[in-house]
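Secondary and tertiary structure notes
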Amino acid sequence: MSDQSTIRLKAGRDRSLRRHHPWIMSGSVDRVTGDPQPGDTVLVIDDANRPVALASYSPHSSIRARVWTFDIEQSIDDDFVANRVAAAAERRHRLGIANGDAVRLVFGEADGLPGLVVDRYGPVVVFQITTVGVDARRDAVVSALASLDGVECVYERSDGDNRSREGLEPRTGVRHGSLPADVWAREGDLRFHVDVEHGHKTGFYIDQRDSRRLVARHSRDRAVLNVFGYTGSFSVAAARGGAASITTIDSSGPALRLAEANARANNVDIGDLVEADAFTELRSLRDRRASFDLIVLDPPKLANNPNQVDRATRAYKDLNLLALKLLRPGGLLFTYSCSGAVSSDLFQKVVAGAAVDANREAHIVGRLGQPSDHPIPLHFPEAEYLKGLIVLTL
Ligand code: SAH
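Described in the following lines is the structure provided in the data block. (Residues numbered from 1 in each chain as written. Predicted model: local features only at pLDDT ≥ 70, side-chain atom pairs only at ≥ 80, totals over all residues. Heavy atoms only, no water.)

1. Quick look at the site of the ligand
Contacts to the ligand come from 16 residues, most closely from Ser-233, Asp-250, Asp-277, Ala-278 and Asp-298. Contact distances for the ligand include 3.2 Å between an oxygen atom and a side-chain N or O atom of Thr-231. For the ligand, whose free accessible area comes to 580 Å², the fraction covered by protein is 89%. A class-by-class count of the residues in the shell around the ligand yields seven nonpolar, six polar and three charged. (Near = heavy atom within 4 Å. Polar contact = N/O pair within 3.5 Å; in protein donor to acceptor, adjacent residues only side chain to side chain. Areas by Shrake-Rupley, 256 points an atom, 1.4 Å probe, with all protein chains shown as cover. Nonpolar A, V, L, I, M, F, W, Y, C, P; charged D, E, K, R; others polar.)

2. Quick look at the pairing of strand S6 (residues 63–69)
Within S6, six of the seven residues are buried, which leaves it mostly tucked inside the rest of the structure. Pairing analysis gives three bridges linking strand S2 (residues 23–25) to S6, with the strands arranged antiparallel. Bridge assignment links Met-25 to a residue of S6, and that residue is Ile-63. Relative to S6, strand S5 (residues 51–57) runs antiparallel, the two being bridged by four bridges. Across the sheet, Leu-54 pairs through a bridge with Thr-69, a residue of S6. Here S5 hands over to S6 after five residues, the two strands then running antiparallel side by side. (Buried < 20%, exposed > 50% of the residue type's maximum accessible area, 1.4 Å probe, protein only. Helix = DSSP H or I, 4+ residues; strand = E, 2+ residues; numbered from the N terminus. Pairing = 2+ DSSP bridges.)

3. Examining the pattern of salt bridges
By the definition in use, this model includes 24 salt bridges. Asp-135 is paired through a salt bridge with Arg-171; the nearest N and O atoms lie 3.0 Å apart. One end of the pair, Asp-135, is in helix H3 (residues 132–135); the other, Arg-171, is in strand S11 (residues 171–177), with 36 residues separating them in the sequence. As a salt-bridge pair, Glu-281 and Arg-288 come within 3.8 Å of each other at their nearest N and O atoms. Because the salt bridges share partners, they merge into one network encompassing Asp-135, Arg-138, Glu-156, Arg-163, Arg-171 and Arg-175. (Salt bridge = Lys/Arg side-chain N within 4 Å of Asp/Glu carboxyl O.)

All we've got here are geometric facts, nothing functional implied.
Quick look at the structure:
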């Protein structure tokens, strides 16, 4: 331990760590000794020089270090990372997600691997690294993933914007095996094409699994509007659930073609595909006095950080107001925010404000969030990003 670099915390700044929150912010650091390099393991000590944790050092990030473990006797080596990956995969087995269904195998801090996300689509595993700590151990990550039962391809999608904050270049490509021509996200008896190389995130929004099931259940004989449709996953679910009609809006032509392909893959008809800006199209539908029984509003992340919350709030309000106006009495709105910076309280207030302005009375009849493979550690509430409300108009 003698040549171990250390980060000494300012007085009192060990408090969140004692509750096992895994981040050491730059402002909490009193002194760094031993010239650690990016991704090196450092011993974190409090202001009385008592050891607190082992962490990976990120000199370029305001999150200056991320905890690997609070057991300072452990060695942070390839085996450590491989064991964490295996433990995360093992936990998913026990969650009751059907075997073969698309699943998030590793969800960063929630699985003790800050900066690593792994999604599994049957035999294909896609990972994304966003921190120098995990980046330094990427070979161990790849071999741990390659050794999971039934895995034939390991693909790297380390191209998120947040990599540059850690001084990392984008990196993508096959790391083990070969990428099959068709990759499918399966979900019960539905299946969706996954564009592993170019799709959003790792190619599919696995995190809306529970919501797709609910939308299917409520779609029978209903006129459904799916706004921000992307892969058309909600439209396909609505069709399978027996919707009377479906309209899907997305500003991206390729996204709508993907939705069409997914409809074909599931032998369902998803009706109208509208390539348009959602804000403009919702206004136009309102002006044409269109109405629907069920609307899904699943916009992209509108606030990337706390500075963007005000602007995002106005956009959420606008969208929800328009959607509420388009709903018939007795209609259901499935409305979401995937912005971590927008709290669920704030989101509910925004939707409430939209109802007032739309002059509609409405009830929350359900709350939605991240599914079980995207867990929120009690000691790390920052893991929460997805929230949804099911709103019934009176
Ligand atoms: N509900 C989707 C995920 C939505 S991702 C699913 O189940 O997979 C967000 C989508 O919104 C993307 O497809 C993007 O093309 C689209 N988008 C972004 N801005 C938009 C806008 N202003 N109007 C319409 N679509 C938009």
